[in-house]
Amino acid sequence: MESLNELIDFLDQGTRLDIKTLALHHVLSLTGNFESRKLLLSNTKCLKYLIQLAFSKEEQKSVNKDAFFSLINLSADEIDAGQMMHQNSDLVQMLLDYILDEESQFSDTACAVLSNLSRGRRNSQIIFDKYFTDSNNNSLNNASVSLAKLLQVFCTENFNKTNNLDYLAPFICNLTQLESVRNSILNDLLIIQRLLPYTTYTRSIIRRGGIIGAIKNCCFNYDYHQKLLSSPDIDILSRLLLPLAGPEELDTEEMDKLPDDLQYLPPDKEREADPDIRTMLMETIMMLCSKKECRDFIKEKNAYVILRELHKWETDDKVKEACEKLVQILIADEPEKEYENLHQVSVPEELAQKFYDFETKELEKNFQ
């Protein structure tokens, strides 16, 4: 422990460059280990020095970079991330200011740190309450960053000429764990319109997956489902189905019932390549099926046909299972009136236990 503390002391900005660089390399290698991260964070000077090295404009770029990568690794665990924010209450604000500066050279790594820090509902709540203004640009903590501003920067191509800011997507997804954030997004038509095209964004799976995760989280606000589905300015169903659609030819009757954006797709049309994202898209549609009027809308738009062709093409068993569950909802007889809202149906305790036991056994099979 004493030798570790001596190593950390060499991270001080006043240390000779070659010694400081060597010490930083050692610290970076240590951050890849769970137990070592705990030891490093037990010395409060470690985080202090790493933050100074990461953000300093006087340091060499290689030093900035290694310090940022050390912060990424240190924040990989949710509990450690919370400890980091407790040790240095300025860290999140420094990251936000750095990312919102279009001249910053390591914004991508700063975004990754921010994404790690916001894992878990508790950490997301701390970040949003302390560092963001509300929908009326008010703040109890004199915060200057609004969700709308962050999303504007995220959606602006080449905002930063040397960084793509893709890791803002999982950060945004983490924030949508909070109902207040989901409400802010769902109440702003412009924000929704800016986010939905990312369901088919091909350049970055990080950006695409993060935003699809955020959209899925937003669908936990069930009162907005009808608006999301029926508003022609949003058309969420087409955005969710398009990545699942392939180049298959359909007969005219089936084709005409599909939304316009899903008709007569080109012969080279490719489906979403990532199985986890395909599953997430179907889970989102499944959530939108919670109310009868929404199920009726999805059925009328012939979503079943897209899912049918997907199931024929699909090779991943877990994705197939998700597809089958969604199809079952769409083709099953409608429940009695008092059970129409699926998310409000209460399950008897004995049945809930049976479902739990069954799913536990299924999970155990998957890990054998």
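Residues numbered from 1 in each chain as written. Predicted model: local features only at pLDDT ≥ 70, side-chain atom pairs only at ≥ 80, totals over all residues. Heavy atoms only, no water.

Draft legend 1. Fine view of a nonpolar patch on the surface. Taken together, the side chains of Tyr167, Ile205 and Ile206 make up a nonpolar region of the molecular surface, amounting to roughly 240 Å² of accessible area. Mapping isoleucine 206 onto the fold places it in helix α14 (residues 205-218). Take isoleucine 206: its relative accessible area is 30%, and that puts it in the partly exposed class. (Patch = residues over 30% accessible without salt bridge, like charges linked within 9 Å, V, L, I, M, F, W, Y side chains within 5 Å. Areas by Shrake-Rupley, 256 points an atom, 1.4 Å probe, with all protein chains shown as cover. Salt bridge = Lys/Arg side-chain N within 4 Å of Asp/Glu carboxyl O. Helix = DSSP H or I, 4+ residues; strand = E, 2+ residues; numbered from the N terminus. Buried < 20%, exposed > 50% of the residue type's maximum accessible area, 1.4 Å probe, protein only.)

Draft legend 2. Expanded view of unusual backbone geometry. Despite not being glycine, leucine 165 has its phi angle at roughly 60°, a positive value. Mapped onto the elements, leucine 165 comes out in the loop between α10 (147-155) and α11 (168-175). Of note in this structure, aspartate 235 is not a glycine but carries a positive phi near 50°.

Draft legend 3. A look at the packing of aromatic side chains. Per the counting criterion, the structure on display carries 8 aromatic pairs. Ring geometry for phenylalanine 154 and tyrosine 198: centres 5.3 Å apart, planes at 50°, overall tilted. Here phenylalanine 154, found in helix α10, pairs with tyrosine 198, found in the loop between α13 (189-195) and α14; they are 44 residues apart in sequence, far enough to count as distant. This pair shows no difference in class: phenylalanine 154 is buried, exactly as tyrosine 198 is. Through a chain of ring-to-ring contacts, the aromatic side chains of Phe55, Phe68, Tyr98 and Phe106 assemble into a single cluster. Between arginine 207 and the ring centre of phenylalanine 154, over which it is positioned, the NZ or CZ distance is 4.0 Å. (Phe/Tyr/Trp six-rings, centres within 6.5 Å; stacked < 30°, edge-to-face > 60°. Lys NZ or Arg CZ within 6 Å of the ring centre and 35° of its normal.)

Draft legend 4. Geometry of empty space enclosed by the protein. The tally for this structure, following the rule as stated, stands at 1 cavity of 30 Å³ or more. Taken as a whole, the largest cavity spans an internal volume of roughly 100 Å³. In terms of lining residues, the largest cavity is bounded by Ile185, Leu186, Ile192, Leu195, Leu196, Ala214, Ile215, Cys218, Leu228 and Ile236. For the lining of the largest cavity, the secondary structure elements donating two or more residues are α12 (179-186), α13 and α14. Counting residues per element, the lining of the largest cavity draws most heavily on α14, at 3 residues. Grouping the amino acids of the lining of the largest cavity by side-chain chemistry returns 10 nonpolar, no polar and no charged. (1 Å grid on protein atoms, 1.4 Å probe; cavity = no way out; pocket = protein on both sides within 12 Å on 5 of 7 lines; lining within 4 Å. Points joined across faces, edges and corners; volume = space filled by probe spheres on them. Nonpolar A, V, L, I, M, F, W, Y, C, P; charged D, E, K, R; others polar.)

Draft legend 5. Inspection of the side chain of glutamate 309 at higher detail. The residue glutamate 309 is located in helix α20 (residues 303-313) in this model. Judged by its relative accessible area of 11%, glutamate 309 falls in the buried class. Those residues in contact with glutamate 309 that lie beyond four places of it in its chain are Glu248, Leu250 and Arg271. (Contact = heavy atoms within 4.5 Å.)

Draft legend 6. View of the confidence of the model for the protein chain. With 88% of its residues at a pLDDT of 70 or more, the protein chain has an overall mean of 90. Ranking the elements of the protein chain by mean pLDDT puts helix α22 (residues 349-366) last, at 49, and helix α8 (residues 107-117) first, at 98. A low-confidence stretch, residues 362-368 stays under pLDDT 50, and its non-local contacts, those more than four residues away or across chains, total 1 contact. (pLDDT = per-residue confidence, 0-100.)

Draft legend 7. Main features of the pattern of salt bridges. With the rule as written, the count across this model stands at 18 salt bridges. We note a salt bridge from arginine 16 to aspartate 18, for which the minimum N-O separation is 2.7 Å. With its nearest N and O atoms 2.9 Å apart, the salt bridge here joins glutamate 248 to arginine 271. Of the two residues, glutamate 248 sits in the loop between α16 (236-241) and α17 (252-257) while arginine 271 sits in the loop between α17 and α18 (275-288), which places them 23 residues apart along the sequence. Note on arginine 271: relative accessible area 10%, which makes it buried. Each member of the salt-bridge network shares a partner with another, and the members are Glu254, Arg308, Glu309 and Lys312.

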